[in-house]
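# Chains, contacts and geometry: an overview
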Amino acid sequence: MSETSVPQRILFVCLGNICRSPTAEGMLRQRLAQLGLEERVEVDSCGTGAWHVGDPPDPRAIEAASARGIDISGLRGRQLASEDFATCDEILVMDAANLADVAARKPANARAQVLRLMAYAGQPDADVPDPYFGGEAGFLYALDQIEAAVDGVATALMRRMAVDDA
Ligand code: 4NP
């Protein structure tokens, strides 16, 4: 096995790890399974905050994802850890506040590259807005944003794998 076949590690980050980032995790897991790449990419999510450590996703996020055939009910919240900067290739954050929080904790020798998720939908300065304090429409909007970007992540991973295999 060549060094390049080591799994890529992608970590999605939001504030609470119960709405946006578990949705992105579930969606990318599903896309990778459809592409037969699930063994080659490790996907995880976490929050910058600790309020929901050990909690399942918000019922509204579970419901919105379920309506698109994605089951995120088994995921559990955890907080960003310093090891994540060493173990992950990419840390994909949802909004500007997440970006500032993650950048403040990022060590100088981090392996991980930190990017806004929407960069993968061609919008490097766009947020996936926090739907937690709003209604169902916010969850659906977040899901649409996440879907567009996760498709971009899956495409980029496929290309990276093809280059590695060449
Ligand atoms: P998330 O949404 O960052 O998309 O998981 C939130 C969840 C919980 C809280 C804020 C945002 N909270 O304040 O508890």
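The structure we're discussing is the one just above.
The present account deals with the structure reproduced in this document. (Residues numbered from 1 in each chain as written. Predicted model: local features only at pLDDT ≥ 70, side-chain atom pairs only at ≥ 80, totals over all residues. Heavy atoms only, no water.)

So, about the packing of aromatic side chains. In total, this model carries 1 aromatic pair according to the counting rule given. Taking 4.8 Å as the distance between ring centres and 80 degrees as the angle between the ring planes, the aromatic pair formed by Tyr-132 and Phe-133 counts as edge-to-face. Judged by relative accessible area, Phe-133 falls into the exposed class, the value being 75%. (Phe/Tyr/Trp six-rings, centres within 6.5 Å; stacked < 30°, edge-to-face > 60°. Buried < 20%, exposed > 50% of the residue type's maximum accessible area, 1.4 Å probe, protein only.)

Further remarks concern the packing of helix α2 (residues 59-66) against helix α5 (residues 136-165). Any two packed helices are characterised by the angle at which their axes cross and by the distance between the axes. Where α2 meets α5, the axes come as close as 10 Å, and the angle between the chain directions of the two elements is 55 degrees. The angle between α2 and α5 falls in the class oblique. Once α2 is placed against α5, the crossing between them reads as right-handed. Counted together, Arg-60, Ala-61, Ala-64 and Ala-65 of α2 and Phe-139, Leu-140 and Leu-143 of α5 form the full contact between these two elements. (Axes fitted to C-alpha atoms, helices over the stretch in contact; angles between N-to-C directions. Helix = DSSP H or I, 4+ residues; strand = E, 2+ residues; numbered from the N terminus. Parallel < 35°, antiparallel > 145°, perpendicular 65-115°, else oblique. Left-handed = near helix turned anticlockwise from the far one by under 90°. Contact = heavy atoms within 4.5 Å.)

Another aspect to go through is the site of the ligand. By nearness alone, every residue bordering the ligand is listed as Cys-14, Leu-15, Gly-16, Asn-17, Ile-18, Cys-19, Arg-20, His-52, Asp-130, Tyr-132 and Phe-133. In this structure, an oxygen atom belonging to the ligand sits 2.9 Å away from a main-chain N or O atom of Cys-19. Measuring from an oxygen atom of the ligand, one finds a side-chain N or O atom of Arg-20 at 2.8 Å. Alone, the ligand offers 360 Å² of accessible surface; in the complex the protein occludes 93% of this. Here the shell around the ligand is composed, by residue class, of 6 nonpolar, 3 polar and 2 charged. (Near = heavy atom within 4 Å. Polar contact = N/O pair within 3.5 Å; in protein donor to acceptor, adjacent residues only side chain to side chain. Areas by Shrake-Rupley, 256 points an atom, 1.4 Å probe, with all protein chains shown as cover. Nonpolar A, V, L, I, M, F, W, Y, C, P; charged D, E, K, R; others polar.)

A full pass over the atoms with the stated rule returns 0 disulfides. The thiol sulfur of Cys-88 is not disulfide-bonded, and the nearest other cysteine sulfur, from Cys-46, lies at 7.8 Å. You can call Cys-88 buried: its relative accessible area is 5%. (Disulfide = S-S within 2.5 Å.)

With 35 residues, the main nonpolar core has Phe-12, Leu-28 and Leu-117 as its most contacted residues. For this core, the elements supplying multiple residues, two or more each, are β1 (8-14), α1 (20-35), β2 (41-47), α2 and α5. In this structure, Leu-11, Val-13, Leu-80 and Val-102 belong to the second largest nonpolar core, which totals 11 residues. (Core = buried A, V, L, I, M, F, W, Y, C linked by side-chain atoms within 4.5 Å.)

Relative to the helices and strands, Ser-21 resides in helix α1. Residue Ser-21 is classed as buried on the basis of its relative accessible area, which comes to 0%. A polar contact of 2.9 Å, which involves the side chain of Ser-21, links it to the side chain of Asn-17. Engagement of the side chain of Ser-21 in a polar contact is seen with the backbone oxygen of Cys-46, the distance being 3.4 Å.

What follows concerns the pattern of salt bridges. Under the counting rule described, the total for this entry stands at 15 salt bridges. A salt bridge links Asp-130 to Arg-20; its shortest N-O distance comes to 3.8 Å. Pair noted here: Asp-130 is in the loop between β4 (113-116) and α5 and Arg-20 is in helix α1, with a separation of 110 residues, a long-range link. Overall, the relative accessible area of 35% leaves Asp-130 in the partly exposed class. The class for Arg-20 is buried, based on a relative accessible area of 3%. (Salt bridge = Lys/Arg side-chain N within 4 Å of Asp/Glu carboxyl O.)

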